[in-house]
Amino acid sequence: MLSDAAPGIAGAVLAAPARLGAVRLVAVDGASGAGKSTFARSLIAALRERGAEAGLIGTDDFATWDDPVAWWPRLADVLDRLARGVAGGYRAWDWSDGEPRPGAWVAVPVPDVLLVEGVSAGRASVRPRLSRLIWLELPDPALRLARAVTRDGEGCARQLAAWQRFERGWFAVDRTRHHADDVVAVGSR
């Protein structure tokens, strides 16, 4: 169960040095449908139980079907502000109908710990600023696709299959899993 790993990793996060100014930046990465969002919520809860102010940003707030990873400078601007001890913010995509459209403004106060969750959250360009990189491992692509379709709806199945093809190439080049501090194996349930 994903939540079983969260308390131990929360302790490791809080023991790690802050590398984004005074903020401990944590990436929760892995392929679509692996359980990153579920795990991130468990980790946030475990951090808060230990008294940490913890925030969460999902890469789905930035990525689109047509732009899976090149949006990073928008998030980097927020991270740069936090590194200086200044609150940030961004305009998120609204995915409520399965297609991205401009959504709400998201304010990002300066937390003790900030989790960035989603595909490419642990990319090479941010690794020097990370206190911890967590990889969610669910090797079966058919199962991950089924989980993602269940989550996002049958109307997204074609885009999700294309996304999986893209992310295989992305992770092969970026070698995200290879750099992970923690690999959390996800059950098939």
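Keep in mind the model is a prediction, meaning the values are calculated, not measured. (Residues numbered from 1 in each chain as written. Predicted model: local features only at pLDDT ≥ 70, side-chain atom pairs only at ≥ 80, totals over all residues. Heavy atoms only, no water.)

## Observations concerning the pattern of salt bridges
We apply this condition: When a carboxyl oxygen of Asp or Glu lies within 4 Å of a side-chain nitrogen of Lys or Arg, that pair is called a salt bridge. Where helices and strands are cited, they refer to DSSP runs of H or I of at least four residues and of E of at least two residues respectively, numbered from the N terminus.
Here the structure, examined in full by the defined rule, presents seven salt bridges. Its salt-bridge partner being Arg132, residue Asp182 comes within 2.7 Å of it at the nearest N-O pair. On the criterion of sequence distance, the pair formed by Asp182 in strand β7 (residues 182-185) and Arg132 in strand β6 (residues 130-137) is long-range, its members being 50 residues apart. Connected via shared salt-bridge partners are Asp94, Asp97 and Arg101.

## Digging into the side chain of Arg127
What counts here: Residues count as neighbours in contact if any of their non-hydrogen atoms are within 4.5 Å of one another.
When you line up the elements, Arg127 lands in the loop between β5 (113-117) and β6. Not counting residues up to four positions away in its chain, the partners in contact with Arg127 are Gly122, Leu133, Asp174, Arg175, Thr176 and His179.

## As for the pairing of strand β2 (residues 54-58)
Rules: For every residue, the accessible area (1.4 Å probe, protein chains only) is compared with the maximum for its type, and the residue is labelled buried under 20%, exposed over 50%, or partly exposed between those bounds. Any two strands are treated as partners once DSSP identifies two or more bridges connecting them.
Counting buried positions over the five residues of β2 gives four, a clear majority of the element. Examined bridge by bridge, β2 and β5 share five bridges and lie parallel to one another. Residue pairing for β5: Leu56 is matched across the bridge by Leu115.

## Examining helix α2 (residues 36-49)
How we decide: An expected span of 1.5 Å times one less than the residue number is assigned to each helix.
For α2, built from 14 residues, the straight-helix expectation of 20 Å at 1.5 Å per residue is met to within 8% by its first-to-last C-alpha distance of 20 Å. Immediately beyond the C-terminal end of α2, within one or two residues, lies Gly51, with a positive phi of roughly 90°.

## Examining the sheet that holds β7
Using the following cut-off: Fitted lines through C-alpha atoms serve as axes, helices being fitted only where they are in contact, and the angles separating the N-to-C directions of these axes extend from 0 to 180 degrees.
Reading across the sheet, the five strands line up as β2-β5-β1-β6-β7 and stay open at both edges, with parallel pairing between neighbours. The open sheet has two edge strands with one neighbour each: β2 and β7. On average, each strand axis in the sheet is inclined to that of its neighbour by 20°, with strand direction left out of account. Note that β6 and β7 share four bridges and pair parallel.

## Remarks on the packing of aromatic side chains
Which entries qualify depends on this criterion: The rule is short: rings of Phe, Tyr and Trp, with Trp giving its six-membered ring, pair when the centres are within 6.5 Å, and they are stacked under 30 degrees, edge-to-face over 60, tilted in between. We call a charge positioned above a ring when the Lys NZ or Arg CZ atom is no farther than 6 Å from the ring centre and deviates by at most 35 degrees from the ring normal.
Under the definition given, this model contains eight aromatic pairs. Centroid distance Trp65 to Trp163: 6.0 Å. Interplanar angle 80°. Geometry classified as edge-to-face. With Trp65 in the loop between β2 and α3 (72-83) and Trp163 in helix α5 (residues 157-174), this residue pair connects regions lying 98 residues apart in the sequence. With a relative accessible area of 11%, Trp163 lands in the buried category. Ring centres of Trp163 and Phe166 lie 6.5 Å apart, and the angle between their planes is 55°; this geometry places the pair in the tilted category. With Trp163 and Phe166 both in helix α5 and three residues apart, this pair spans about one turn of that helix. Using a relative accessible area of 30% as the deciding quantity, one classes Phe166 as partly exposed. Three or more aromatic residues joined by ring pairs form one cluster here, namely Trp65, Trp95, Trp163, Phe166 and Trp170. Between the NZ or CZ atom of Arg123 and the centre of the ring of Trp71, over which it lies, the distance is 5.2 Å.

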